[in-house]
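Observations on the three-dimensional arrangement
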Amino acid sequence: MAGARGAGRAAATGTRPGKRPSEPEPELEPEEAGIPSPRTEVARAKGYEEYAEDSSDEEDIRNTVGNVPLEWYEDFPHVGYDLDGRRIYKPLRTRDELDQFLDKMDNPDYWRTVQDRTTGHDVRLTDEQVALVRRLQSGQFGDVSFDPYEPAVDFFSGDLMVHPVTNRPADKRSFIPSLVEKEKVSRMVHAIKMGWIQPRRPQDPTPSFYDLWAQEDPDAVLGRHKMHVPAPKLALPGHAESYNPPPEYLLSEDERLAWEQQEPGERRLNFLPHRFPSLRAVPAYGRFIQERFERCLDLYLCPRQRKMRVNVDPEDLIPKLPRPRDLQPFPTCQALVYRGHSDLVRCLSVSPEGQWLASGSDDGSVRLWEVATARCMRTVPVGGVVRSIAWNPHPTLCLVAVAVEDSVLLLNPALGDRLVVGGTDQLLSTFVPPQEPAVQPASWLEASEEERQRGLRLRVSHGKPVTQVTWHGRGDYMAVVLAAAGHTQVLIHQLSRRRSQSPFRRSHGQVQRVAFHPVRPFLLVASQRGVRLYHLLRQELTKKLRPNCKWVSSLAVHPAGDNVICGSYDSKLVWFDLDLSSEPYRVLRHHKKALRAVAFHARYPLFASGSDDGSIIVCHGMVYNDLLQNPLLVPVKVLRGHTLTRDLGVLDVAFHPTQPWVFSSGADGTVRLFT
C-alpha cells in the first residue's frame, strides 16, 4: 500500500519516490527509466556468479557505502549506493500507528519482519535465520553441527615409553658455575660486611599482649593518638561489699523483699550485702563472670570521644546594650491621674496637637480631658459600652470617632481653636446626598438637634457590634472592625462622600485589629494567627506575617512604615521588619500576663506595651536608615500604677504626639500619665 501510494504520488507530481518535488528532475538513463541495458544485465550476471561461488562469510550487501556511519545519511533522501553506483533512496514511511497495528494483526509474518538499516526496507527472516536467533538468545552455539561435549583428544598418551622423546645431550653450562651468579654473590657478601644488609633476626614465637585501656605514656602506641580517651575505672568497693559489713548496711526482711520486687535497673545496689564470720567462709562470687563480661562489653561498645570545651566568660555571651541613661528621654514616673469614670476604661486617644485627651469607658460615657491639668472638660453620654475611640489625625478637623455597640459616633468636642471647630461643622454640613443612593453595608444618619447639643454630628450604623475604629493619616477614611463572621468584618468609610465599602470578598479568620500604613496605600489586617498586608490600590495581598502566637490582641505600625509590632494574649510582643522577612525579627517576653495594647511614638524611638499584670513596659526601638543595620531594641523602663480589677490591668496605651509621655487606661477606672 505504501509503495503504491508513493508511486502514485510520484506519478502525480512528476518526481520519483523519495525525491523532493522542488528539486529539478535530471535526464534519466535507460536503466534509471526502468529499461535494463545490456551492460547492466552482464554486470548483474557476473555479480551473481561471483557471490554464488564465494565461500566466505560475507553476505550479498546491496549498499556499498562500506564502514561509513549511516547517521551521515539522516539528512539526505538516500541511504547509500548500490553496485552500479546509483543512489538507494529511503522508502517513504507514510504508515501511522493504526496502519502498523492493522499490519500486525493481518500479516502472519509480522513477527519475523525486521528493518534493514542499510537499505531501509523490511526484510522477512527465513526459518534458518529465526532458528539462529533463537539459539543465540538461549545461549547456544550458532552452528547446529557443533558439539561442545564431544570427547577430548589426548595429545600425550599415558603409557610409559622405554626411550625418551629426545636424546639430546646436556649443555656444558649446566655443570659449569655461572660467572654472573658469582658476581651477584660477591656483591651481597661485601654489602653484609659493610653493614648495608642486615640479616633477618629470628622472630620471637611468644605472642605480645598490651593493656588496651591502660593509661599509656606518650611514646606508646595509644599515646600517639591524640583523641584517645581512657576508659573510666571501676568504682572502689564500699562498706556494703565487705564480708563483714556494719549492721546499718544489712537489709531487713522487708527491704529484702522490696529489693527483689524491683527491676534490675532500678535497684540502688546490684547485690545483697551478707555477713560472714571470717574471710575463709566467703564463697565464690556467682556473678563474677557475668559482671566481667558486661564490663568488657561496656569498654568495647561504649563510644568515647573528647569534647573540646571552650572557656568563655559568661559575661561575653550577654549582648552589649547601651545604658538606659544614654537612651533618654523616655517616661520614668507617674505625673497625673485622670479620675472620673465609674467603670473600667477600655480605650483612649490623644488629639493631634497633644492638648486634649479622650477616653471611653464601660460606664457609657466619653470624657474629654485637658492633658496638662487632668481637668475633665466635657462628658458625653453615649448610652453603651465604648469599645474604641480615635481622634481624627488631621490638624484642621476637630472630630472624634467612638465605637459604641453597633454604631460609630462622630463627635465634635468643640475644644481648642474655634475656627477649627466651626470649619469641622461647616465641612460636615456641605455634604449633598446623591439622588440615587447606592446600596452600602452601613447607613449614615444625621444627628438630631438634641444630640447635636451634646456634640454628636453623625452616626454610622452597621447592624453588628463594632470592636475597633481607626483613622487614616489624612483624616478622610476610617476603618472599622465588626464582631461578626464573614467577609464583612472590615469596612472602610469615607467621610467626605459618606460612602462605605467592604474591601474583602472572603474571610481569613476572625479579625482582631486593623491599621493603615502611615506612608504607603497599605492596610494591615491582624487575625488570630497572622497579619496580612494588602495593597489598596492594586487590591491584592502583598505579604503575610506569621507572629507564631496563639492569639493576636493588638497591632501598631512604626511611623516610618517598615516595622510592625504585635501583642498577643500569650504574653508575647513580636517585632516584624517588613524589609527583612515574614518571620519575627525579635520576640519579647517581658510581661507575665496577656498583652492588651501596643503603641509607637510618632517622633521618638519609643514603643510601649500594656498588660494584664498592671505594668507598662517602655522600650527603646531605634530604626536606622542603613538597611544593613538591624533595629536596636532595649527595654528601658517598667511603669506601674494601675491596680488589678477583675484580673485585668492596663487596657490601652497611647503616646503623646510631641512629648515623650505615655498615657494608659486601666480596669481600675483611671487614666494615668507617665512622664
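Before reading on, note that the structure itself is shown above.
Since this is a predicted model, take the numbers as computed values, not measurements.

Rules and cut-offs
- Residues numbered from 1 in each chain as written.
- Predicted model: local features only at pLDDT ≥ 70, side-chain atom pairs only at ≥ 80, totals over all residues.
- Heavy atoms only, no water.
- Buried < 20%, exposed > 50% of the residue type's maximum accessible area, 1.4 Å probe, protein only.
- Helix = DSSP H or I, 4+ residues; strand = E, 2+ residues; numbered from the N terminus.
- Pairing = 2+ DSSP bridges.
- 1 Å grid on protein atoms, 1.4 Å probe; cavity = no way out; pocket = protein on both sides within 12 Å on 5 of 7 lines; lining within 4 Å.
- Points joined across faces, edges and corners; volume = space filled by probe spheres on them.
- Nonpolar A, V, L, I, M, F, W, Y, C, P; charged D, E, K, R; others polar.
- Core = buried A, V, L, I, M, F, W, Y, C linked by side-chain atoms within 4.5 Å.
- Contact = heavy atoms within 4.5 Å.
- Axes fitted to C-alpha atoms, helices over the stretch in contact; angles between N-to-C directions.
- Salt bridge = Lys/Arg side-chain N within 4 Å of Asp/Glu carboxyl O.

1. Observations regarding the pairing of strand β23 (residues 552-557)
Each regular strand carries side chains that alternate between the two faces of the sheet. Most of β23 is tucked away, with six of its six residues classed as buried. As judged from the five bridges shared by β23 and strand β24 (residues 563-568), these two strands associate in the antiparallel manner. Across the sheet, residue V557 finds its bridge partner in β24, namely V564. Counted between consecutive antiparallel strands, the loop separating β23 from β24 contains five residues, among which G561 sits at a positive phi close to 90°.

2. Thoughts on empty space enclosed by the protein
Enumeration according to the criterion identifies three cavities of 30 Å³ or more in this entry. By volume, the largest cavity amounts to about 130 Å³. Around the largest cavity sit 15 residues that line it, and F504, S507, H508, V511 and V525 are the ones nearest its centre. Of all the secondary structure elements, the ones that give two or more residues to the lining of the largest cavity are β20 (522-527) and β21 (531-535). At three residues, β20 tops the list of elements feeding residues into the lining of the largest cavity. Considered class by class, the residues forming the lining of the largest cavity number six nonpolar, seven polar and two charged.

3. Quick look at the nonpolar core
Core analysis: the largest hydrophobic core is formed by 19 residues, its most contacted members being V408, L410, V469, W471, M478 and L495. Mapped onto this core, the elements with two or more residues apiece are β11 (400-404), β12 (407-411), β14 (456-461), β15 (466-471) and β16 (477-482). Ignoring sequence-local partners within four residues, the contact set of L495 consists of L399, L410, L428, W444, L458, W471, G475 and D476.

4. Here's the deal with the side chain of H78
When you line up the elements, H78 lands in strand β1 (residues 78-81). Looking at H78, the relative accessible area reads 5%, which means it is buried. Residues in contact with H78, not counting those within four places in the same chain, are Y73, R87, I88, Y89 and K90.

5. Considering the sheet that holds strand β31 (residues 650-655)
Taking strand neighbours across the sheet as the criterion, the four strands line up as β5-β33-β32-β31 in an open arrangement whose pairing is antiparallel. Looking at the sheet topology across the chains shown, the edges are occupied by β5 (334-339) and β31. Pairs of neighbouring strands in the sheet enclose a mean axial angle of 20°, with direction left out of account. Alignment of strand β32 (residues 662-666) against strand β33 (residues 670-674), held across four bridges, turns out to be antiparallel.

6. Details of the sheet that holds strand β7 (residues 356-361)
Pairing in this open sheet of four strands is antiparallel, and the strands run β6-β7-β8-β9 from one edge to the other. The open sheet is flanked by β6 (345-350) and β9 (375-381), the only strands paired with a single partner. Strand-to-strand twist across the sheet, computed as the mean angle between neighbouring axes with direction ignored, equals 20°. As judged from the six bridges shared by strand β8 (residues 365-370) and β9, these two strands associate in the antiparallel manner. The residue bridging L368 from the neighbouring strand is R378, located in β9.

7. Re the pattern of salt bridges
Counted according to the given criterion, the structure contains 17 salt bridges. Between D127 and R112 there is a salt bridge whose closest N-O contact spans 2.9 Å. Of this pair, D127 sits in helix α4 (residues 127-137) while R112 sits in the loop between α3 (97-106) and β3 (113-115); the two residues are 15 residues apart in sequence, bridging distant segments of the chain. You can call R112 buried: its relative accessible area is 10%. Across the pair E451 and R459 runs a salt bridge, and its minimum N-O distance is 3.2 Å. According to the relative accessible area criterion, R459 is partly exposed, its value standing at 26%. Connected via shared salt-bridge partners are R168, D171 and R173.

Read these as geometric descriptors, not functional statements.
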